[in-house]
Structures are given as structure tokens and as C-alpha cells.
Amino acid sequence: MRILLVEDEFKMASFIKKGLEAERYAVDLVSDGPSGMERALWQDYDLLILDLMLPGLSGSDILKTVRDQKPTIPILILTARDGLPDKIKHFERGCDDYLTKPFAFAELVMRVKALLRRGAVRRSNDLQVADLVLDRNSRRVLRAGKPIDMTAKEFALLEYLMLNAGQVCSRAILIEHVWDQSFDTFTNIVDVYIRYLRNKIDRHFEPKLIHTVRGVGYVLNSGEAP
């Protein structure tokens, strides 16, 4: 499960990120409103944790826009604004939960788990491109109805490519989202795992689904590379 955390208080943001990663969630952290809006709209997340008082663009505005364009993503407001009018306003704007600072981390984890369970019910767990199907619930992969064994990292890479089907994913983005680390220009780990995936899902099947975009990265789709 991947979570987007939009929080500008550095110490708190680092504490939350490390704590959620210890719970085995992948967490992307941004510290300003415009970056939070861009990430939330253009990338796929299982949960958005959103502060309200952010530089550049308020969390309230982000909430309204994201809810309009992505009606199924669970959104947890995390803020020091504890007045009832604020809570009512943001529930009416579409947040799924509202937690005020200071808070116990155990309560945050409990709410995160509850929202992720609720989100999994509302949204399909199946991803499909052509005859390739990935079931996020059972962690099964089928190509033309044939089961394909995947390691955990192969599954995570394929899942990210399918979530962004038709969009070119750079090596830096893939490393950040699948391996949760900064891009090292000397590593070829993405190319190695792309080769593993191609051997499993493309080698004996048509059409080929994983395409190289020279000098940029990779794209998964049922047509030619862009």
C-alpha cells in the first residue's frame, strides 16, 4: 500500500513517515501544497494524509480538487485545527477522517488501517492491460489466463507499471516508488528487474506489453512505445 503524506512540519512529517514505513507501508512525503496537489492528481495512491495549513496552497483546496477528480481515494486530514466548524467543513468537502494534533501514533495507525480497508472495498483490486491481469488482493498475476509466479519486488514493479499504464515511467521514479530510495545513476536495478518481468510476461506472449523509451524509462501498454 502506498501513502502520500502532505505535511510541512519537518519533525512531525519524518516521525509519521518512519512510523508508517515500520508498519510496512510505502510513504511518499511532500512538504508544500502545490507539490502535494500534483502528486495526488497524477500518481496513484491508496491513501492521502493531508495537513490543512501548507505553504503555497491550502490542504482544504487540495482536498476539494482531489475529491472532485479522484472520488474513491481515502483522505485523512491531519491538522491542529480542532474546531467543530473546521471538521464539518472538511467532511462536507469530502474527507474520510479527521485527526487533530497532537495525537497518539497508535491512533493514527488504527485510522490508516481502517481507511485502507474501506478503500479496498470501494475500489477494484484487479488491474488489467490487454490479457495481463494483476489481482492486488491475492497477489496473483495471469497472462492469457496462465498463472505467472512473481517475487515480491517483481510484483511491486509490475503493479506500479500497470497503475500507470500508458505513461512513461523514468528509472528514477521507479526506484523511488518501488524500491523507496533515491536514484543512483550508477545502478541498473530497474533494467535488471524489467528484464525479469519481460521474461515472465512478454517472452512467450503477444502483444509485447513492456516497451523501452530510449533515454527516459519504460512504459507498459498494449500498443507501441510512445
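Going along each chain's sequence as written, the residues are numbered from 1 onward. Only residues with pLDDT of 70 or above have their local features reported here, since the model is predicted, and side-chain atom pairs are shown and tallied only from 80 upward, although totals for entire chains, interfaces and linings are computed over all residues. To obtain the side-chain values, all non-hydrogen atoms of the structure were used and water was disregarded.

(A) Focus on the nonpolar core. Among the nonpolar cores identified, the biggest contains 26 residues, and L132, L157, L158, L161, M162, L174 and L220 are the most heavily contacted of them. Helix and strand assignments come from DSSP, with helices taken as H or I runs of at least 4 residues and strands as E runs of at least 2, each series counted from the N terminus. Where this core is concerned, the elements lending two or more residues are β6 (126–129), β7 (132–135), α6 (152–163), α7 (171–179), α8 (189–202) and β12 (217–220). It is α6 that contributes the most residues to this core, six residues altogether. We call two residues in contact when some of their heavy atoms are within 4.5 Å. Apart from residues no more than four positions distant in its own chain, L158 is found in contact with L132, L134, V141, M150, L197, I201 and L220. By size, the runner-up hydrophobic cluster in this structure holds 19 residues, among which are L41, L52, L54 and I73. By nonpolar core we mean a set of buried residues, namely Ala, Val, Leu, Ile, Met, Phe, Trp, Tyr and Cys, connected to one another through side-chain atoms within 4.5 Å. Under the scheme applied here, a residue whose accessible area is under 20% of the maximum for its type counts as buried, over 50% as exposed, and between as partly exposed, the area being computed with a 1.4 Å probe on protein chains only.

(B) The arrangement of the side chain of R39 in detail. Mapped onto the elements of the fold, R39 is located in helix α2 (residues 33–42). For R39, a relative accessible area of 19% translates into the label buried. Counting of polar contacts relies on pairs of N or O atoms within 3.5 Å, with two restrictions inside protein: one atom must be capable of donating a hydrogen and the other of accepting it, and residues adjacent in sequence are counted only when both atoms are side-chain atoms. Within the structure, the side chain of R39 is placed 3.4 Å from the side chain of Y45, a separation counted as a polar contact. In this structure, R39 is in contact with L4, D28, V30, Y45, E176 and H177, ignoring residues within four places of it in sequence.

(C) Focus on the pattern of salt bridges. One speaks of a salt bridge when a side-chain nitrogen belonging to Lys or Arg is within 4 Å of a carboxyl oxygen belonging to Asp or Glu. Within this structure, the stated rule accounts for 18 salt bridges. Across the salt bridge formed by D68 and K64, the nearest N and O atoms sit 3.5 Å from each other. In this pair, D68 and K64 both sit in helix α3 (residues 59–69), four residues apart, roughly one turn of the helix. One network of salt bridges, with partners in common, ties together E7, E9, D51 and K101.

(D) Geometry of the packing of aromatic side chains. Geometry of aromatic contacts follows a simple scheme: Phe, Tyr and Trp rings, the Trp one being its six-membered ring, pair when their centres are within 6.5 Å, and the pair is stacked under 30 degrees between planes, edge-to-face over 60, tilted otherwise. Tallying each qualifying case throughout the model produces three aromatic pairs. Taking 5.4 Å as the distance between ring centres and 70 degrees as the angle between the ring planes, the aromatic pair formed by F15 and F105 counts as edge-to-face. With F15 in helix α1 (residues 10–22) and F105 in helix α5 (residues 105–122), this pair connects stretches of sequence that are 90 residues apart. Taking 5.1 Å as the distance between ring centres and 75 degrees as the angle between the ring planes, the aromatic pair formed by Y193 and Y196 counts as edge-to-face. Within this pair, Y193 and its partner Y196 are both found in helix α8, separated by three residues, close to a single helical turn.

(E) Geometry of α2. Considered for burial, the residues of α2 that qualify are G33, G36, M37, R39, A40 and L41. At its buried positions, α2 is contacted by β1 (2–6), β2 (26–30), β3 (47–50), α3 and α7. Backbone nitrogen of S35 and a side-chain oxygen of the N-cap are separated by 2.9 Å at the start of α2; the cap is D32.

(F) View of unusual backbone geometry. For the bond from K101 to P102, the omega torsion is -5 degrees, close enough to zero to count as cis. With respect to the secondary-structure elements, P102 resides in the loop between β5 (97–100) and α5. Of note in this structure, R24 is not a glycine but carries a positive phi near 75 degrees. Positionally, R24 belongs in the loop between α1 and β2. Look at R139: it is not a glycine, yet its phi comes out positive at around 60 degrees. Relative to the assigned elements, R139 resides in the loop between β7 and β8 (140–143). On the basis of relative accessible area, R139 is assigned to the partly exposed category, the value being 48%.

(G) Examining the pairing of β8 more closely. Across the two faces of β8 the burial differs, with V141 and R143 buried and R140 and L142 not buried at all. The pairing of β7 with β8 spans four bridges and is antiparallel. Across the sheet, the residue bridging to D135 is R140, located in β8. In this analysis, strands are considered paired if DSSP registers two or more bridges between them. Counting the residues that bridge the hairpin from β7 to β8 gives four residues, and of these R139 lies at a positive phi of roughly 60 degrees. In the sheet, β8 pairs with strand β9 (residues 146–147) via two bridges, with the strands oriented antiparallel. Its bridge partner being in β9, L142 is matched across the sheet by P147.

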